[in-house]
Amino acid sequence: MAEASNLLTRLSVRLDTDSQLMVKYLIESGYGQTDLVKAGIELLYQQTKNQKPASVPALLKTFSMSNESGPADLSSNHKDYYQERLLEKYSG
């Protein structure tokens, strides 16, 4: 892992209404805000680490299977789209 001094030490997020309700419930159940964020990061990290990610060609193929046209900058930003798709797949 990277040295701790090079990593984020604070995180600010915007929550949709459903997430706000979930956080409210968890806080009322005794969890602190820091505990929630740390547990969420740990869970997502373990899920991502334990699953084999799809290949770049497989994810890019999902664009071509759509009835809609893909992003105009797909060829130059394919890594960004790949990362977005992975995050969508493994975060919900």
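Before reading further, recall that the structure is shown in the block above.
Our subject in this report is the structure included herewith. Just so we're clear, the structure is a prediction, and the values are computed from it rather than from any experiment.

The rules behind the values
Residues numbered from 1 in each chain as written. Predicted model: local features only at pLDDT ≥ 70, side-chain atom pairs only at ≥ 80, totals over all residues. Heavy atoms only, no water. Helix = DSSP H or I, 4+ residues; strand = E, 2+ residues; numbered from the N terminus. Buried < 20%, exposed > 50% of the residue type's maximum accessible area, 1.4 Å probe, protein only. Contact = heavy atoms within 4.5 Å. Areas by Shrake-Rupley, 256 points an atom, 1.4 Å probe, with all protein chains shown as cover. Patch = residues over 30% accessible without salt bridge, like charges linked within 9 Å, V, L, I, M, F, W, Y side chains within 5 Å. Salt bridge = Lys/Arg side-chain N within 4 Å of Asp/Glu carboxyl O. Expected span 1.5 Å × (residues − 1). Polar contact = N/O pair within 3.5 Å; in protein donor to acceptor, adjacent residues only side chain to side chain. Arc of directions from axis to C-beta.

## Concerning the overall build of the chain
- Helix and strand counts for the chain stand at 4 helices and 0 strands.
- Ordering the α and β elements of the chain from the N terminus gives α-α-α-α.
- In the chain, which comprises 92 residues, the share counted as buried stands at 9%.
- Of the contacts made within the chain by residues no fewer than 6 positions apart, 53% connect residues no fewer than 24 positions apart.
- Counting every atom, the chain has about 8,300 Å² of accessible surface; 54% of that belongs to carbon and sulfur.

## Some details on a nonpolar patch on the surface
- The grouping of L8, L11, V13, L15, V37 and I41 at the surface amounts to a nonpolar patch, some 600 Å² of accessible area in total.
- Checked against the element boundaries, L11 lands in the segment before helix 1 (17-28).

## Quick notes on helix 1
- The end-to-end C-alpha separation of helix 1 is 16 Å, in line with the 16 Å expected for 12 residues at 1.5 Å each.
- With 0 of 12 residues buried, helix 1 is to be regarded as a mostly surface element.
- Between the side-chain oxygen at the start of helix 1 and the backbone nitrogen of D18 there is a gap of 3.3 Å, and the oxygen is on D16.
- At the exit of helix 1 stands G30, carrying a positive phi of roughly 110 degrees.

## Some remarks on helix 4 (residues 78-91)
- Taking 1.5 Å per residue as the helical rise, helix 4 with its 14 residues ought to reach 20 Å, and the 20 Å between its terminal C-alpha atoms agrees with that figure.
- Within helix 4 the residues assigned to the buried category are Y81, Y82, L86 and Y90. Angular distribution of buried residues about the axis of helix 4 spans 155 degrees; they occupy a single face of the element. Looking at helix 4, the residues exposed on the side facing more than 90 degrees away from the buried face are E88 and S91.

Remember, this is a structural readout, not a statement about activity or role.
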